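Now for the letters of each chain:
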Amino acid sequence: MGASIAEGGLDDDEEFAEAHDINVTPFIDVMLVLLIIFMVAAPLATIDLPINLPSSTAAPEKKPDKPSYVSIKPDLSLAIGETPVKRSELVRSLDAMAGVSKDRFIFLRADRAVPYGEMMDVLEILRAGGYSKIKLVALERVPETAKPRGWH
């Protein structure tokens, strides 16, 4: 009584066999969406103070896990991390921060437009407050290759 509909000689088990392949298209779609989200979110997660740092060809050093940045902005105002702070409150604010001690390095960033004397004043404030381990921050620059004579 049973008749086969298939004419190619296939029996019912072969015709309706399950496919065991995984459909990866949804996974690829999810990965692309996550990639776009991270591409948009990553620049927003970085420190975003408008400071035009000078560049240096010195070999970069490894930063600590949680560096303490003191920044001198172009208008000569100060910030610890991204938090603005008055000059008179600089040492007190550093002392109050968790994880900052006088034996850890303070990373000083100054805008290119900041006069040398102003940067030295901030260094003097830090030194008087007991912070003697200070590193200056600059942008990395590739050293220029040797140019032929006569080139400027």
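All values reported here derive from a predicted model rather than from experimental measurement.

1. Considerations on the confidence of the model for the chain
Point 1. When pLDDT is averaged along the chain, the result is 77, and 72% of the positions lie at 70 or above.
Point 2. Looking at the elements of the chain, mean pLDDT is at its lowest for helix H1 (residues 12-15), recorded as 60, and at its highest for helix H4 (residues 116-128), recorded as 90.

2. Quick word on unusual backbone geometry
Point 1. Positive phi, normally seen in glycine, also occurs at Leu76, with a value near 70 degrees.
Point 2. Looking at the secondary structure, you find Leu76 in the loop between strand S2 (68-72) and strand S3 (78-80).
Point 3. You can call Leu76 partly exposed: its relative accessible area is 28%.

3. Topic: the nonpolar core
Point 1. By size, the foremost hydrophobic cluster in this structure holds 18 residues, and its most contacted members are Ile72, Leu90 and Leu94.
Point 2. Those elements that provide at least two residues to this core are S2, S3, helix H3 (90-96), strand S5 (106-110) and H4.
Point 3. A total of 4 residues in this core trace back to one element, the largest contributor, which is H4.

4. What about H4?
Point 1. In this model H4 runs 18 Å from its N-terminal to its C-terminal C-alpha over 13 residues, within 8% of the 18 Å that 1.5 Å per residue would give.
Point 2. For H4, the set of buried residues is Met119, Val122, Leu123 and Leu126. One side of H4 holds all its buried residues, which, seen down the axis, span an arc of 100 degrees.
Point 3. Elements that come into contact with the buried residues of H4 comprise S2, S3, H3, S5 and strand S6 (134-136).

Criteria and cut-off values
Residues numbered from 1 in each chain as written. Predicted model: local features only at pLDDT ≥ 70, side-chain atom pairs only at ≥ 80, totals over all residues. Heavy atoms only, no water. pLDDT = per-residue confidence, 0-100. Helix = DSSP H or I, 4+ residues; strand = E, 2+ residues; numbered from the N terminus. Buried < 20%, exposed > 50% of the residue type's maximum accessible area, 1.4 Å probe, protein only. Core = buried A, V, L, I, M, F, W, Y, C linked by side-chain atoms within 4.5 Å. Expected span 1.5 Å × (residues − 1). Arc of directions from axis to C-beta. Contact = heavy atoms within 4.5 Å.

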